[in-house]
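Each chain, written out:
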Amino acid sequence: MADPKIRIERVSKLFGPDPQAALPLLDTDASKAEIMEQTGSIVGLRNVDLDIAGGSIFVVMGLSGSGKSTLIRHINRLIEPTAGRILVDDTDVVSLSKAALRELRLHRVSMVFQNFGLLPNKTVIDNIALGLRFAGATNSRARDLAMEQVERVGLKGFEKQYPRQLSGGMQQRVGLARALATNAEILLMDEAFSALDPLIRHDMQSQLLELQADLKKTIVFITHDLDEALRIGDQIAILNDGSLSQCGTGEEILLHPADGYVKRFVRNVDRARVITVSAAARKMPTITCAEISIDKIARLLSAEDAQAVFIVDDEGQPTGAISATSVAHHTDDSYWRDPKHVLPVTRVSYDTILANALSDVAESEAPVAVVDERGRMIGAISRQSALEAMAGTNGPSNSAKC
Amino acid sequence: MADNFPDLIDMRAVRSAIDGWFNGIVSSYGQALETAFLPVLRLLNGIEDFLLWVPWFVLIPVVALVSFAATRDWRMPIAVIVMLFLTGVLGLWQPAMATVALMLTATLFAIVIGIPVGILMSFSNRLQAVMLPVLDVMQTMPIFVYLIPFVMLFGPGKIPALLATIVFSVPPLVRLTNLGIREVNPEVIEAVTAFGATPMQKLFAAQLPLATPTIMAGINQTTMMALSMVVIASMIGAGGLGYEVLQGIQRLDVSRGLFAGLGIVFLAIIFDRLVQAYGKRVQKHLEAGNT
């Protein structure tokens, strides 16, 4: 990552009578419970390092008490860190004066809350205009700007209503519009959709993704729901007891969970919806048309323990396949040189989601070829490797830190 | 007198010291204080004169209309008309207006003093720790005790009665303002902070509006306590319905005391319902702020 929008550098947060005293313990391997017992301090965050790229959705995930809500509140300094630095566009948030911090909150970082945090005594439009009014905009100007957001989130016609008159999903749209109205580049969303029922939550996720395609904000999104994280997150960080367990793309986390905690998280996920075909692909032997001979095919099949040999053209694009079961029936080299006798090949692009390639895998007699952007063969997915990928039995475990 | 508790300190000396100190204050500042409170007296008399200047057949419908505006219900105005009319029939119109003037003035001052003090208390845990016991003392101290210093400072009359009424009636408002602000949904406060509110913006955009139902309950209690104080205040020359009750006691005049008592009850009911109804109207927007 060249230039992160938000950089969190070894941030720790302790809650208790004397946080500084407990600070050295964070570098030892004392557990959260041991630190609590020895010093009376509760570990909120423990040496967290994160780089958050601009224009992406960065999801922070963890169970309750893992420190995710504490972490997000450090970015606009609703919570002061005990140690460490938080940089927003190279501004050190921790050292900001009161006035400068207010500027940051007014113009650069806005926030959406789990239970919406709307003012019950103000109408929808006035709630959305809140940040603008705090920034000193006149009432009519603030309302004009707020009205644009009302339309953007699809609440037109409801702007004169009070929050209590709206459903939960609509109230959170007000929350979202309020955050968008200040035109801040950074949007903090603290379990923003967790209080909504599943169907509404799904709609809100879709709406957020649509808005994001348009707006390209830097969104830090907190959730405890892995499906939500995988759906909307460009990057996902997983927190456990205040420490960072793992950080990476959804696929990386699913394929290579860093520890038991992450594994428990990913256990019940529908992996096919997240991982790409390249993660499920196996290396398959390839051969050019001119090279075809029974000897060579037999050698390749036995050496790589493959189910098929793929015939590729000069560019490396697959044109056909010879399966291990059928090669035994015809020992004549020229028979296999005839394109009529080899199996047709289905190609899928390397970045296809596995779930979308499953029907091809099921219908194709030969394994499905996975090709790169220029059509060259990378590997292939057999029915067996597709099942293995979905079951999560492949690949060694390694962690990718942000 | 046989006293089985030993005299550890000579209390006579302590008491005479306190009395001497207070007498000193009275003699050096009494006159200045009396002048300082002259505008307050003018306000009180102004309100009373106004209430008596307005003919009863105008005042009763006006109060009935106000009560209808607050409740949006026809029962309340009818009750108001009946009760105020009865007060007049019982020959209590003039003292009732004097009492209302005293109560309104006391409540007005209690609001002007009580709400800001309550706000300050809600901001500072230390101030709250100091103020809560002070408020406890203010509420449990027998009311007569307040009368002594005020009468010494100002002499019998309306000003000491008013001041004693304020001191007696302000604690619930301070308490409930403090409580109301502290109990505002913390997520709303956090949201307002996250959007860059200054402390003043936070107070006026979120804390006070959301604490309004609780503050209104405080105002209600303050008016009720002020009303309950009128009988006692009449002993130091405040006049009004309390004076009628006092005369009933002194002359063993049952009917006089009873009628004046009824007048106080009518006023209490009217003010209590009015303030409550108004509080509910304010509260409407606040219901179910979060689902």
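Residues numbered from 1 in each chain as written. Chains lettered and ligands numbered in written order. Predicted model: local features only at pLDDT ≥ 70, side-chain atom pairs only at ≥ 80, totals over all residues. Heavy atoms only, no water.

A word on the confidence of the model for chain A. Mean pLDDT over chain A stands at 87; residues scoring 70 or higher make up 97%. Per-residue pLDDT, averaged within each element of chain A, yields its smallest value for helix α16 (residues 333-337) of chain A (79) and its largest for strand β6 (residues 109-112) of chain A (95). (pLDDT = per-residue confidence, 0-100. Helix = DSSP H or I, 4+ residues; strand = E, 2+ residues; numbered from the N terminus.)

Turning to the nonpolar core, a few remarks are in order. One finds L176(A), M189(A), F221(A) and I381(A) to be the most contacted residues of the largest nonpolar core, which totals 88 residues. Each of two domains, domain 1 (6-269) and domain 2 (278-391) of chain A, supplies a minimum of three residues to this core. Of all hydrophobic cores here, the second largest spans 63 residues; its members include L51(B), M103(B), A238(B) and A260(B). (Core = buried A, V, L, I, M, F, W, Y, C linked by side-chain atoms within 4.5 Å. Buried < 20%, exposed > 50% of the residue type's maximum accessible area, 1.4 Å probe, protein only. Domains from an automatic or database assignment.)

Before going further, it helps to spend a moment on the sheet that holds strand β4 (residues 83-88) of chain A. Residues and elements named next belong to chain A. Taken in spatial order, the four strands of this open sheet run β2-β1-β4-β5, and their pairing is antiparallel. The sheet terminates laterally at β2 (42-52) and β5 (91-92), the two strands that pair on one side only. Relative to β2, strand β1 (residues 6-15) runs antiparallel, the two being bridged by seven bridges. Counterpart to I8 in the pairing with β2 is L50. (Pairing = 2+ DSSP bridges.)

This part is about the interface of chain A and chain B. In this assembly, 30 residues from chain A lie in contact with 24 residues from chain B. Of the roughly 2300 Å² buried between chain A and chain B on both sides combined, carbon and sulfur atoms contribute 60%. When the buried surface of chain A facing chain B is broken down by residue, P120(A), F134(A) and R164(A) rank first, second and third, together holding 28% of it. Where chain A meets chain B, there are one salt bridge. Here R73(A) makes a salt bridge to E190(B), at a shortest N to O gap of 2.5 Å. At the boundary of chain A with chain B, the tally comes to six residue pairs in polar contact (both at pLDDT 80 or more). The set of elements that each furnish at least two residues to the side of chain A that touches chain B consists of α4 (98-108), β6, α6 (130-134) and α8 (168-181) of chain A. Among the residues forming the side of chain A that touches chain B, the class breakdown is 13 nonpolar, 10 polar and seven charged. (Contact = heavy atoms within 4.5 Å. Buried area = accessible area lost by both parts, 1.4 Å probe. Salt bridge = Lys/Arg side-chain N within 4 Å of Asp/Glu carboxyl O. Polar contact = N/O pair within 3.5 Å; in protein donor to acceptor, adjacent residues only side chain to side chain. Nonpolar A, V, L, I, M, F, W, Y, C, P; charged D, E, K, R; others polar.)

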